[in-house]
Amino acid sequence: EVSGGLAATLVDGDGFGSALGRPGDIDGDGVVDVVVGAAGDDDGGTDRGAAYVLFLNADGSVKGEQKISEVSGGLAATLVDGDGFGASVAGVGDLDGDGLVDLVVGAAGDDNGGTGRGAAYVLFLNADGTVKGEQKISDTAGGFTAALSDGDGFGGSASGLGDVDGDGVADVVVGAAGDDDGGTDRGAAYVLFLNADGTVKGEQKISDTAGGLDGALADGDALGSATAGVGDLDDDGTVGLLLGASGRGGQGAVLVVDLAPTATATVADWSDRRSVLTAGGGLDVQVTAGGIVGRSLTYDGVDDRLIAPATDLVSGALTLSGWINATSFGTDPRVVAKADSAGSPVYELFVDDTSASTGGAVARIRLGGATFTVTGGSVTTGAWHHLATTWDGTTLSLYVDGQPVGSVVATGTLNTDATVPLTIGNLAAADRGFTGRIDEVRLSHTAASAAAVAFDYTNASNPGAVISVGGVQTAAADPWTISGTQTRSGTNAARAPEVSTTGRAAWLRATGIDEPGLEFRSWWWLSTTTGVDLAAGTRAGPVATNQYETAVTSSSGWDLATDVSGVRTQQAAPAGSPPTGSWVEVVLRTDESGNSAVVIGGSEVISSTAQGSGLLTGSAALRAGLLPSGQFWYVDDVRARKLIGAEPTVSLGPLERN
């Protein structure tokens, strides 16, 4: 209260600091923020409790704060005396997908269902730390099905775990140190598998009699008096926990708990589309092994398969690739396959087994009524191999380990069938199973060059060498498309979708740009400047759609602004005259200190202007926020390069060079 910049007035017994959490950068300023519990706070009544969101400066002092209690911060819940809200506090990541960190706050004295059974609140935050929504989890609320008993103190500790079950939603662990499984106050911890709305879809209790804990607890051990997620300790693809047992042996102890793999039926792909893939057969997507990059899935060669949406390609080209490390070869095991309802291949990549340990690569596509096949290369068991095939509308080519091994002339229209899904590791009928590991499967509707295939092979373990480009849609906006209607060079340009509702922005962004200073160039063709919100931006922060940007919102020109967590703050007024019906080059230069300048058609219309240092490097993006129906925004010849400041004057004998 008297140091560190805290403005709040504390009173005796508040217990400020009794719980601490590090949720991340809540306000998007580039500095990590914290949340602090004060379970003895008397807002609204005795010991009802509170939590403080503290926005920090880089030196650890408090630049701002938001108290959350029964009477402040937007909390809608009605607390009662003794609830002890704030007994535990923790960040749980972004549950609801709004780009902001959410919290879990324990109230160990809550009386839902009985005296002192406890509760935990999932709090959905605004960027200012206030509560925009909440979900209580207790003996009688939130979908929690376990039976608590009086005095359990559920919520006395809590910690975020990340996504334990692979459903794309973060999970938490909550302690109940007063639990009596096996004896008095032996304690327990609950792993809670959450839905995006904060309700519980499933739980696993860990106690003296549940959850497979190795070793007996004793009365008074108080397992769950503290909890922490510690990531994957033993590289088995599962989360580890630290569980405090403050009464163990009279001195206390910490138990290291390695969670067993949790079977799950779905997994999200790692492209920007985030398609949901479904595990088929006995495939458990939580059981992973070392991959060519990170982790990979292991297939049993029988019925294991990963089922993707019915991905039909209509652009007249494709690239299909993947990394394999086979244990053995069965009969023509499929790496990736898409068939039609008659069982004929649409496109597939597999191994032609010559023995149980050797084989050749095979690519196959079907154009109209004709099937085209190309084979070549050598693939062995026990080693990673990169298989790739491309089709540019006239030639089907095959590559093994970055080298071309065969091609065949193939012309026609690629077949489609929306009723049959794409499968990885097998055919849809599950009769051509792959045995071993598959990793980094990629499908594109363009044909990669031989140099691009070789680059993918050479840089497999160096993902930082690759800039990935994809779309990020907000509130179900339509995606960007490729069009040949208006082009500045070549045969195609990117075309933005029509966006008629604020908040439905469609983003086209490149990630993996590890440069603090960036120059982002793009050529624009606009059909109108009325009713639009179209932007180019640099330096996304922790949220993919945060950026420094220059945007056209009227005929007045391009402005300069920050767009952070949906809040747009303008640093420079519009300048320049946006043409319609012709191409113009738009250049945004952002240096490593967060100063940006805008150059339109070769002329600087906004000089270097400070935008702050809160956002990080990592991406360049195009944003279609508003584009009326029947209007067009085309973008071509997009380039990004490292922005280098002026070189110092260097003495070269009698000469000087700048």
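Structural data are supplied above this passage.
Since this is a predicted model, take the numbers as computed values, not measurements.

Thresholds, definitions, all that
- Residues numbered from 1 in each chain as written.
- Predicted model: local features only at pLDDT ≥ 70, side-chain atom pairs only at ≥ 80, totals over all residues.
- Heavy atoms only, no water.
- Helix = DSSP H or I, 4+ residues; strand = E, 2+ residues; numbered from the N terminus.
- Buried < 20%, exposed > 50% of the residue type's maximum accessible area, 1.4 Å probe, protein only.
- Contact = heavy atoms within 4.5 Å.
- Areas by Shrake-Rupley, 256 points an atom, 1.4 Å probe, with all protein chains shown as cover.
- Pairing = 2+ DSSP bridges.
- Axes fitted to C-alpha atoms, helices over the stretch in contact; angles between N-to-C directions.
- Polar contact = N/O pair within 3.5 Å; in protein donor to acceptor, adjacent residues only side chain to side chain.
- Lys, Arg positive; Asp, Glu negative; His and termini not counted.
- Salt bridge = Lys/Arg side-chain N within 4 Å of Asp/Glu carboxyl O.
- Core = buried A, V, L, I, M, F, W, Y, C linked by side-chain atoms within 4.5 Å.

Caption draft 1: How the structure looks around the overall build of the protein. Of the regular secondary structure elements, the protein holds one helix and 46 strands. The buried share among the 658 residues of the protein stands at 48%. At a minimum sequence separation of 6, the contacts of the protein that also span at least 24 residues come to 58%. Taken as a whole, the protein presents about 26,800 Å² of accessible surface, with 50% of it coming from carbon and sulfur.

Caption draft 2: Spotlight on the sheet that holds strand E14 (residues 240–245). If you walk across this open sheet you meet the three strands as E13-E14-E15, and the pairing is antiparallel. On the outer flanks of this sheet lie strand E13 (223–231) and strand E15 (253–258), each paired with one strand and no other. Shown here is a sheet whose adjacent strand axes are inclined to one another by a mean of 25°, direction ignored. Relative to E14, E13 runs antiparallel, the two being bridged by six bridges. Bridged to Leu 223 within E14 is Ala 245.

Caption draft 3: Here's a closer look at unusual backbone geometry. Non-glycine residue Asp 332 carries a positive phi angle of around 45°. Within the fold, Asp 332 resides in the loop between strand E21 (318–328) and strand E22 (334–339). Positioned with a positive phi, Glu 440 is a non-glycine residue whose angle comes to about 50°. Relative to the helices and strands, Glu 440 is located in strand E30 (residues 435–444). A relative accessible area of 28% means that Glu 440 is categorised as partly exposed.

Caption draft 4: Highlighting the side chain of Asp 181. Counting through the fold element by element, Asp 181 comes out in the loop between strand E10 (171–176) and strand E11 (188–194). Polar contacts involving the side chain of Asp 181 include one to the side chain of Lys 205, which spans 2.9 Å. For Asp 181, the side chain forms a polar contact with the side chain of Thr 209, separated by 3.3 Å. Once you skip the residues sitting within four places of it in the chain, Asp 181 turns out to touch Arg 186, Lys 205, Ser 207, Asp 208 and Thr 209.

Caption draft 5: Spotlight on the environment of Arg 305. Positionally, Arg 305 belongs in strand E20 (residues 305–308). On the basis of relative accessibility, which here comes to 16%, the residue Arg 305 falls in the buried class. Distance in space between the C-alpha atoms of Arg 305 and Gly 280 is 5.0 Å, their sequence separation being 25 residues. With sequence-adjacent residues up to four places away left out, Arg 305 is seen in contact with Thr 278, Ala 279, Gly 280, Gly 281, Leu 283, Tyr 299, Ile 424, Asn 426, Leu 427, Ala 428 and Ala 430. One polar contact links the side chain of Arg 305 to the main-chain carbonyl oxygen of Asp 303, over a distance of 2.8 Å.

Caption draft 6: Structural view of the side chain of Asp 439. Checked against the element boundaries, Asp 439 lands in strand E30. The side chain of Asp 439 is buried and forms no salt bridge, while Arg 437, the nearest opposite charge, is found at 8.2 Å. Polar side-chain contacts of Asp 439 include one of 2.9 Å to the backbone nitrogen of Ile 292. Apart from residues lying up to four places away in sequence, Asp 439 is in contact with Gly 291, Ile 292, Val 293, Arg 295, Ser 296, Gly 322, Trp 323 and Trp 384.

Caption draft 7: Region of the structure containing the sheet that holds strand E7 (residues 119–125). The strand order across the open sheet built from four strands is E5-E6-E7-E8, with neighbouring strands paired in antiparallel fashion. Each edge of the open sheet carries a strand with a single partner, namely strand E5 (85–93) and strand E8 (131–138). When the angles between neighbouring strand axes are averaged without regard to direction, this sheet yields 25°. In the sheet, E7 pairs with E8 via seven bridges, with the strands oriented antiparallel. If you follow Ala 120 over to E8, its bridge partner there is Ile 137.

Caption draft 8: Molecular detail of the nonpolar core. Of all hydrophobic cores here, the largest spans 37 residues; its most connected members are Leu 318, Ile 324, Tyr 347, Ile 365, Leu 387, Trp 391 and Leu 414. With residues up to four places along the chain from it excluded, the contact list for Leu 387 reads Leu 320, Ser 321, Gly 322, Ile 324, Val 335, Leu 349, Phe 350, Val 351, Ala 361, Val 379, Tyr 399 and Val 400.

Caption draft 9: Quick peek at the pattern of salt bridges. Under the counting rule described, the total for this entry stands at 29 salt bridges. The partner of Asp 563 in a salt bridge is Arg 623, with the nearest N and O atoms 3.7 Å apart. Residue Asp 563 is located in strand E38 (residues 558–564), and its partner Arg 623 is located in strand E43 (residues 618–626); the two are separated by 60 residues in the primary sequence. For the pair Asp 563 and Arg 623, one class covers both residues: buried.

Keep in mind these values describe shape, not function.
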